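Survey of secondary and tertiary structure
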Amino acid sequence: MINAAVEDVERVTPTTVTIRFRWIQKVLPGQFIMVWLPGKGEIPISLSHLGDLKGITVKSYGPTSTALTEIRPGEKMFFRGPYGNTFRIPEGRRLIVGGGSGMAGLLPLIDGESYGVVSARTRSELLFADRFRQGNLTLVTDDGSAGVKGFAVEGLKGLDLSEFSIMYVCGPELMLKSILDYMKGKGIKADFSLERTMKCGIGICDSCSIDGFQLCRDGPVFPEESLLSMTEFGKYRLTESGLRVRL
């Protein structure tokens, strides 16, 4: 288990913070760490900042994540990793599609020419939209408080997807499924970063499995052709107890 002192905490939305800590370790876009807080629990979190001053961006949604959003500079955080695979990086222009806190793991992929479709439930929860150049952004909110009203896939409908060499997508699984269905036959490759229940992070517990794949070892990033072959994607998930339930 690695430990590091928190150097900076920045609140980036009302429910989300970025925690910065020094860790001299190579981490690739898409990889994650298992973050542990004593007495709270352990959760997987993708890295949002990849320099020597690393960063994770955490949304409050459960006991461990909520405790992380309350951490202060100087306090210790404990973690292990990095785990998982990474995104393909072909030549050409990138289309980056993030839903809610899913934008955090996509942040390292944004360059000066990237186009972003950033979605959230409401305006105040839009994450890292300011990282895209003017004119290279579509905002989407569930309640219509900013940009297009609806879900992330609505933000793709005004774009010519064939103009991009690859699309990177991260967010809730039902969002990913709607985008996978929409992109068929539109001449673009895509890498999807999945989010599922994960307890061990090293392929032992099998809580993150989907169609025989384990997110922690085979993912969390999958190309579109892998998702198209899965029968559980966008339909079923496993609970912490191993129960298979509908999404």
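Our subject is the structure listed above.
We now turn to the structure provided with this report.

Calculation rules
Residues numbered from 1 in each chain as written. Predicted model: local features only at pLDDT ≥ 70, side-chain atom pairs only at ≥ 80, totals over all residues. Heavy atoms only, no water. Core = buried A, V, L, I, M, F, W, Y, C linked by side-chain atoms within 4.5 Å. Buried < 20%, exposed > 50% of the residue type's maximum accessible area, 1.4 Å probe, protein only. Helix = DSSP H or I, 4+ residues; strand = E, 2+ residues; numbered from the N terminus. Contact = heavy atoms within 4.5 Å. Pairing = 2+ DSSP bridges. Polar contact = N/O pair within 3.5 Å; in protein donor to acceptor, adjacent residues only side chain to side chain. Salt bridge = Lys/Arg side-chain N within 4 Å of Asp/Glu carboxyl O. Axes fitted to C-alpha atoms, helices over the stretch in contact; angles between N-to-C directions. Disulfide = S-S within 2.5 Å.

A few words now on the nonpolar core. Judged by nonpolar contacts, the single largest core of 35 residues is most densely connected at Leu95, Val97, Leu156, Met167, Ile179, Phe192 and Leu194. Elements represented by at least two residues in this core include exactly strand 3 (32–37), strand 7 (94–99), strand 8 (115–120), strand 11 (166–170), helix 3 (173–183), strand 12 (189–193) and helix 4 (215–218). If one sorts the elements of this core by residue count, helix 3 sits on top with six residues. Phenylalanine 192 has contacts with Val169, Leu176, Ile179, Leu180, Met183, Pro220, Val221, Phe222, Glu224 and Leu227, leaving out every residue within four places of it along the chain.

For the rest of this paragraph, the subject is the pairing of strand 9 (residues 137–141). With five bridges joining them, strand 8 and strand 9 adopt parallel strand pairing. When the sheet's bridge partners are listed, alanine 120 is paired in strand 9 with threonine 141.

It is worth spelling out the sheet that holds strand 12 at this point. The strand order across the open sheet built from seven strands is 10-9-8-7-11-12-15, with neighbouring strands paired in mixed fashion. With partners counted over all chains shown, the strands left at the sheet margins are strand 10 (148–149) and strand 15 (221–223), one partner each. Across two bridges, the pairing between strand 9 and strand 10 is parallel. Note that in strand 10 the partner of threonine 141 across the bridge is lysine 149.

Our focus in this paragraph is the side chain of serine 48. Here serine 48 shows up in strand 4 (residues 41–50). Side chain to side chain, serine 48 and histidine 49 meet in a polar contact 2.9 Å long. In this structure the side chain of serine 48 is engaged in a polar contact, spanning 2.8 Å, whose partner is the side chain of threonine 57. Those residues in contact with serine 48 that lie beyond four places of it in its chain are Thr18, Gly55, Ile56, Thr57, Ala104, Leu107 and Pro108.

Going through the model one piece at a time under the given rule, you end up with 12 salt bridges. Two residues, arginine 88 and aspartate 191, come together in a salt bridge whose shortest N-O distance is 2.7 Å. Of the two residues, arginine 88 sits in the loop between strand 6 (76–83) and strand 7 while aspartate 191 sits in strand 12, which places them 103 residues apart along the sequence. Note on arginine 88: relative accessible area 29%, which makes it partly exposed. Taking the relative accessible area as the measure of exposure, aspartate 191 reaches 2% and is therefore buried. Between lysine 157 and glutamate 154 there is a salt bridge, with its nearest N and O atoms 3.1 Å apart. Looking at glutamate 154, the relative accessible area reads 32%, which means it is partly exposed. Linked through salt bridges whose partners overlap, the residues forming this network are Arg88, Asp191 and Glu224.

In this chain, glycine 81 is followed by proline 82 through a cis amide linkage whose omega measures 5 degrees. Summarising the element assignment, proline 82 is placed in strand 6. Cis geometry marks the peptide bond from glycine 219 to proline 220, where omega comes out at 10 degrees. Mapped onto the fold, proline 220 is located in the loop between helix 4 and strand 15. At phenylalanine 128, a residue that is not glycine, the phi angle is positive and equals roughly 60 degrees. Inspection of the secondary structure puts phenylalanine 128 in the loop between strand 8 and strand 9. Given a relative accessible area of 5%, phenylalanine 128 falls into the buried group. Of note in this structure, aspartate 211 is not a glycine but carries a positive phi near 50 degrees. Relative to the assigned elements, aspartate 211 resides in the loop between strand 13 (209–210) and strand 14 (213–214).

So, about the sheet that holds strand 2 (residues 16–22). Spatial strand order, 1-2-5-4-3-6: six strands in a closed barrel with antiparallel pairing. Along the sheet, successive strands turn relative to each other by an average axial angle of 45 degrees, direction set aside. As defined by bridge partners, strand 2 adjoins strand 5 (residues 53–59) across seven bridges and the pair is classed as antiparallel. Residue valine 17 lies in a different strand from strand 5, and its bridge partner there is valine 58.

The next subject is the state of the cysteines. Counted by the stated rule, this structure contains zero disulfides. With no disulfide of its own, cysteine 170 has cysteine 208 as its nearest cysteine by sulfur position, at a separation of 15 Å. We classify cysteine 170 as buried; its relative accessible area is 5%. We note that cysteine 205 lacks a disulfide partner, and the nearest cysteine sulfur, in cysteine 200, lies 3.7 Å from it.

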